[in-house]
Every structure is written in C-alpha cells, then in structure tokens.
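Each chain, written out:
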Amino acid sequence: MLAKRIIPCLDVKNGETVKGTNFVNLRSAGDPVELGKAYSDAGADELCYLDITASHEGRKTFTDMVTRVAREINIPFTVGGGINAIEDVDRMLAAGADKVSVNSAALRRPEFIDEIASRFGSQVCVCAIDARNDEDGWHCYINGGRIRVERRLLDWAKEVADRGAGEILFTSMNHDGVKQGFANEALAELADALPIPIIASGGAGKKEHFRDAFTIGKADAALAASVFHFGEIPIPELKEWLKKEGVRVR
C-alpha cells in the first residue's frame, strides 16, 4: 500500500485564508504564506491553495502569493482557481507551484486537460470535481458549486483520467465543512473504477474521518481545511494516530 498523504487546503480570498461551510459563510483563517510554512514544518505532505474569487485583480495578488509560498516551503503545492488557459498554468508553474488544479474550465472544455497533460505532463494536472449527491444521484457542479452541469460524477471522473489528469480532487458538497466525515462510498467507487489517485475532500471533523477515508473510501490522500486552520487536529498528532490505526502515512 502506498503511503497516504495529508493535505491542508487553503482557500484564498483577497490575499487571506478563509473557510466556510457548504461553500458559504466565509471567515478568516490567517496569512496563507505563514500558514503554509507552519504546515510544511508540521509534516504536511502537500498543500493546496485555491484562489476562490479568481477575478482579474485577484489574480495578481494570488500570483505574488504563490511566489512567496514557493520561497518559504519545501513540500509540493497545488494551486487552483481561475485557471482557464495554458497561459494561466504557465504563470503558476513559473511562480513556483508544482501542480495546478482545474475544475470549471475542464468541464466547459474537456480538451483543456489533454493540453495541460501533453504540454507539462500528467503529474501537473489535478482535476478538481465538486459534486453533490442530488435526488437523481451524484452530479458535478461548476462556478464554486453554484451551477449544476449534466455530468455524472463517475462518468466525468473516468473521462478526466482518460484525458490524462494525474489525480482527482473530489469534494463532496454535501459534506463540505460539516465535519461529519468524507463521502466514503463515492470515494471507494471512484478508487475502484480509476487508475489514478483520488484525493478526498469535504467532511473532515475528527481523526477517525481520515482513517475511514483511507480504509473505507480507499482514498490516496485526504484534504482538509478548518480542522487544521483552527488547530482542532494537529498534523503530527493525526499522523501518529493513523499509524497506530494501521494506516501507512508518509
């Protein structure tokens, strides 16, 4: 079994880290560069930075932040939000990011995944999928979870893998910020059907939730925000506990 990864996620708005519940009610969680450095020092395996209001003005602020993060930390980090063209990918990698996360842009124009993979390599392309379990099953959403599209979660995930994405970051909108555990059944279905790693997102509230995402959900990595930002679960403590539970972590 490959070692499982723990990934703090930092949602960035106007240069500061914020966190909400079910994609709304945002509150501040501090400076993204300082937080990133603290996580790197605490043993996080990777970081994920998302520019959640990637408007034109926000982009410059975010790119400057990416450059500062790259100077301060020594673990891989992914950036996402407003990445709609190859130039955006180029800019983020030039600023020091290791990977980019694409979501709405990929659903609008799936060839974008092929373009990133062929130009920069599959390892650079993380396809984020925000999905919700509606009355008629799991459907994908774009624009920060605001607009439902007629793509089912599993169908889209398979296409993403076929087009060359290196991994999938699956966020269950039903579970986001609620701290009741990850969407383990959907995670396991994705893990069984796909040849690429799946990162679980949405629902971490206690240590057991991470264990379950890895064992029941078969996820390769687990991403969380508020439990780390507000000191509810220290990363070194989480990793020690997971080891005792028989989960191999880095």
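Preceding this paragraph is the structure being described.
So, here is what we can say about the structure in this document. (Residues numbered from 1 in each chain as written. Predicted model: local features only at pLDDT ≥ 70, side-chain atom pairs only at ≥ 80, totals over all residues. Heavy atoms only, no water.)

## So, the overall build of the protein
Right, so step 1: Within the protein one finds 10 helices and 12 strands.
Right, so step 2: Within the protein, the proportion of its 250 residues that are buried is 54%.
Right, so step 3: Total accessible area on the protein is roughly 10800 Å²; 47% of this is exposed by carbon and sulfur atoms.
Right, so step 4: Here the protein contributes 32 positive and 38 negative side-chain charges, whose respective centroids are spaced 2 Å apart. (Helix = DSSP H or I, 4+ residues; strand = E, 2+ residues; numbered from the N terminus. Buried < 20%, exposed > 50% of the residue type's maximum accessible area, 1.4 Å probe, protein only. Areas by Shrake-Rupley, 256 points an atom, 1.4 Å probe, with all protein chains shown as cover. Lys, Arg positive; Asp, Glu negative; His and termini not counted. Charge placed at Lys NZ, Arg CZ, Asp CG, Glu CD.)

## A short note on the side chain of Asp45
Right, so step 1: Secondary-structure assignment places Asp45 in the loop between α1 (32-42) and β4 (47-51).
Right, so step 2: A polar atom in the side chain of Asp45 sits 2.7 Å from the backbone nitrogen of Ile6.
Right, so step 3: Within the structure, the side chain of Asp45 is placed 2.9 Å from the side chain of Lys239, a separation counted as a polar contact. (Polar contact = N/O pair within 3.5 Å; in protein donor to acceptor, adjacent residues only side chain to side chain.)

## Re the pattern of salt bridges
Right, so step 1: Applying the stated criterion across every chain yields a total of 25 salt bridges.
Right, so step 2: Of the charged contacts in the structure, one is a salt bridge between Glu46 and Arg5, with a shortest N-O distance of 2.8 Å. Taken together, the residues Glu46 in the loop between α1 and β4 and Arg5 in strand β1 (residues 5-13) connect sequence positions 41 residues apart. This pair shows no difference in class: Glu46 is buried, exactly as Arg5 is.
Right, so step 3: For Arg119, the salt bridge identified is with Asp90, shortest N-O distance 3.2 Å. (Salt bridge = Lys/Arg side-chain N within 4 Å of Asp/Glu carboxyl O.)

## Examining the packing of helix α8 (residues 207-215) against helix α10 (residues 235-244)
Right, so step 1: For the pair α8 and α10, interaxial distance at closest approach is 10 Å and the crossing angle is 55°. With respect to α10, the element α8 is oriented oblique. Of the two elements, α8 crosses α10, and the hand of that crossing is right-handed. Note on element contacts: α10 touches α8 through Glu237, Leu238, Trp241 and Leu242, opposite Lys207, Glu208, Phe210, Arg211 and Phe214.
Right, so step 2: By residue class, the composition of the contact of α8 with α10 is 5 nonpolar, no polar and 4 charged. (Axes fitted to C-alpha atoms, helices over the stretch in contact; angles between N-to-C directions. Parallel < 35°, antiparallel > 145°, perpendicular 65-115°, else oblique. Left-handed = near helix turned anticlockwise from the far one by under 90°. Contact = heavy atoms within 4.5 Å. Nonpolar A, V, L, I, M, F, W, Y, C, P; charged D, E, K, R; others polar.)

## Considerations on the pairing of strand β10 (residues 167-172)
Right, so step 1: The buried fraction of β10 is high, at 6 of 6 residues.
Right, so step 2: Burial of the side chains of β10 extends over both faces: Glu167, Leu169 and Thr171 are buried on one face and Ile168, Phe170 and Ser172 on the other.
Right, so step 3: Both strand β7 (residues 125-134) and β10 contribute to a ladder of 6 bridges, which runs parallel. Each residue of the ladder has a partner; that of Val126, found in β10, is Glu167. (Pairing = 2+ DSSP bridges.)

## A few points about the packing of aromatic side chains
Right, so step 1: Evaluation of the coordinates by the stated rule reveals 5 aromatic pairs.
Right, so step 2: Members of the aromatic cluster, each reached through a chain of ring pairs, are Tyr39, Phe182, Phe210 and Phe228. (Phe/Tyr/Trp six-rings, centres within 6.5 Å; stacked < 30°, edge-to-face > 60°.)

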